[in-house]
Amino acid sequence: MYDYDLLVVGSANADLVIGVERRPGAGETVLGSDLAVHPGGKGANQAVAAARLGARTALLARVGDDGHGRLLVDSQRAAGVDTVGVLVGGAPTGVALITVDPSGDNSIVVSPGANGRLTPQDVRTAASLFHASRVISTQLEIPLETVVETVRSLAPGSRFVLNPSPPRPLPAEVLAACDPLIVNEHEAKVILGDAAGVSDEPEDWARLLLAKGPRSVVVTLGAEGALVASGNGVSRVPSVKVRAVDTTGAGDAFTAALAWRLGAGESLAEAAAYAARVGAATVTAEGAQVSFPTAAEVDAL
């Protein structure tokens, strides 16, 4: 019935990565490693991560008519992603400036570029992709009105997954469609606002988020795994202990794996457990898309 297991509607960036001993403070200059350029962006990352796991995947995104845009399209095709929905032009390709410290933690500044020109009309024009896809996943590195149009374009029987990153308050229409809403600790606190101060327990954040309207919620906890919340309650999902080299893209790989496994019929807890293994495998290598594991590599972890 479906041509695609997953349609990702989202951003595509060139990741410009520099390793640093420590991140600079205000007004400070530090020396870093040689510049490395990788294909990235939360949308493009999710699409590649899902395809490498074996999902039939399509990407709806916009890139510039430039070298970074060609790099991104080539990366998608090499991973097996259908790029029929990748639009070209309107602005330079988006860029993410990333610093990575010796512990593997990263700081990121994003220049949206062409991602900011992915419009609601682009979504409406891609209606055939929506009807051909079992699960639709998106993020917030594209305009919010485009995310709203994505929700309005969902085909009957399809499932909507949202990672609200970078976080911002969300319309009730979008929250009500999420199944699940996937957040890390920072994103949970931004969306909850003042309500986040009620408790320091992620389980309480999940319950508060669920009360805002999503059908289900997943809170990722890094090395501590994740927790899942739905009408059936809240439960913890353990992670796999690994040595983290670079956390770039781990959240995107988690989201992609979760969305794919949900579409395959697994429960939220089962899909999150698999996604946690995918996220763990991702942090053991440098870079975003180049670090995404295959299904065989996840099974071997």
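Whatever comes next refers back to the structure up there.
Definitions and limits used
Residues numbered from 1 in each chain as written. Predicted model: local features only at pLDDT ≥ 70, side-chain atom pairs only at ≥ 80, totals over all residues. Heavy atoms only, no water. Axes fitted to C-alpha atoms, helices over the stretch in contact; angles between N-to-C directions. Helix = DSSP H or I, 4+ residues; strand = E, 2+ residues; numbered from the N terminus. Parallel < 35°, antiparallel > 145°, perpendicular 65-115°, else oblique. Left-handed = near helix turned anticlockwise from the far one by under 90°. Contact = heavy atoms within 4.5 Å. Nonpolar A, V, L, I, M, F, W, Y, C, P; charged D, E, K, R; others polar. Pairing = 2+ DSSP bridges. Salt bridge = Lys/Arg side-chain N within 4 Å of Asp/Glu carboxyl O. Buried < 20%, exposed > 50% of the residue type's maximum accessible area, 1.4 Å probe, protein only. 1 Å grid on protein atoms, 1.4 Å probe; cavity = no way out; pocket = protein on both sides within 12 Å on 5 of 7 lines; lining within 4 Å. Points joined across faces, edges and corners; volume = space filled by probe spheres on them. Phe/Tyr/Trp six-rings, centres within 6.5 Å; stacked < 30°, edge-to-face > 60°. Lys NZ or Arg CZ within 6 Å of the ring centre and 35° of its normal.

1. Quick word on the packing of helix H1 (residues 42–53) against helix H9 (residues 250–263)
Packing of H1 against H9 brings their axes to within 8 Å, and their N-to-C directions diverge by 55°. One element, H1, and the other, H9, form an angle in the oblique class. Crossing of H1 over H9 shows right-handed handedness. Contacts between H1 and H9 involve Lys 42, Asn 45, Gln 46, Ala 49, Ala 50 and Leu 53 from the former and Asp 252, Ala 253, Thr 255, Ala 256, Ala 257 and Trp 260 from the latter. Of the residues in the contact of H1 with H9, the class split is 7 nonpolar, 3 polar and 2 charged.

2. Focus on the packing of H1 against helix H2 (residues 67–79)
Packed helix pairs are specified by the crossing angle of their axes together with the interaxial distance, meaning the distance between the axes. In contact at an axis separation of 9 Å, H1 and H2 are set at 20° when each is read in the N-to-C sense. When the axes of H1 and H2 are compared, the pair comes out roughly parallel. Like other packed secondary-structure pairs, H1 and H2 cross with a definite hand, here left-handed. When H1 is examined against H2, the residues Ala 44, Ala 47, Val 48, Ala 51 and Arg 52 are found in contact with a partner set consisting of Ser 75, Gln 76 and Ala 79.

3. Quick look at the sheet that holds strand S11 (residues 217–220)
A sheet is described by the order of its strands in space; here 9 strands give the open sequence S5-S4-S1-S8-S9-S10-S11-S12-S13, paired in mixed fashion. Both edges of this open sheet fall to strand S5 (82–88) and strand S13 (233–237), since each of them pairs with a single strand only. Averaged over all adjacent pairs, the angle separating strand axes in this sheet is 15°, with direction ignored. Both strand S8 (residues 133–138) and strand S9 (residues 159–162) contribute to a ladder of 4 bridges, which runs parallel. Across the sheet, residue Ile 136 finds its bridge partner in S9, namely Phe 160. Docked against the sheet, helix H5 (residues 144–152) engages strand S1 (4–9), S8 and S9, running at close to 160° with respect to S9. Each of strand S10 (178–183) and S11 is contacted by helix H7 (residues 185–192), which is oriented at about 115° to S10, the strand it contacts most.

4. Regarding the pattern of salt bridges
It is possible for side chains of opposite charge to pair when their charged atoms get near one another. By the definition in use, this model includes 12 salt bridges. Put simply, Asp 101 and Arg 23 hold a salt bridge, and the shortest N to O gap is 3.5 Å. In this pair, Asp 101 sits in the loop between strand S6 (94–100) and strand S7 (106–111) while Arg 23 sits in the loop between strand S2 (13–19) and strand S3 (36–40), placing the two residues 78 residues apart along the sequence. With a relative accessible area of 16%, Asp 101 lands in the buried category.

5. Describing the layout of surface pockets
Taken as a whole, the largest pocket spans an internal volume of roughly 1,200 Å³. If you trace the largest pocket, you find 47 residues lining it, with Asn 184, Thr 247, Gly 249, Ala 250 and Gly 251 closest to the centre. Contributing elements (two or more residues each) for the lining of the largest pocket: S2, H1, S6, S7, S10, H7, H9 and helix H10 (268–282). The element best represented in the lining of the largest pocket is H9, accounting for 5 residues. The residue makeup of the lining of the largest pocket, split by class, is 20 nonpolar, 19 polar and 8 charged.

6. Some words on the packing of aromatic side chains
A full pass over the atoms with the stated rule returns 1 aromatic pair. Taken together, a centroid distance of 6.3 Å and an interplanar angle of 65° make the contact between Trp 260 and Tyr 274 edge-to-face. Of this pair, Trp 260 sits in helix H9 while Tyr 274 sits in helix H10, and the two are 14 residues apart along the sequence. A single burial state applies to Trp 260 and to Tyr 274, both of which are buried. The ring of Trp 260 carries Arg 261 above its face, with NZ or CZ at 4.5 Å from the centroid. When the ring centre of Tyr 274 is taken as origin, the NZ or CZ atom of Arg 261, which lies over that ring, is 5.7 Å away.

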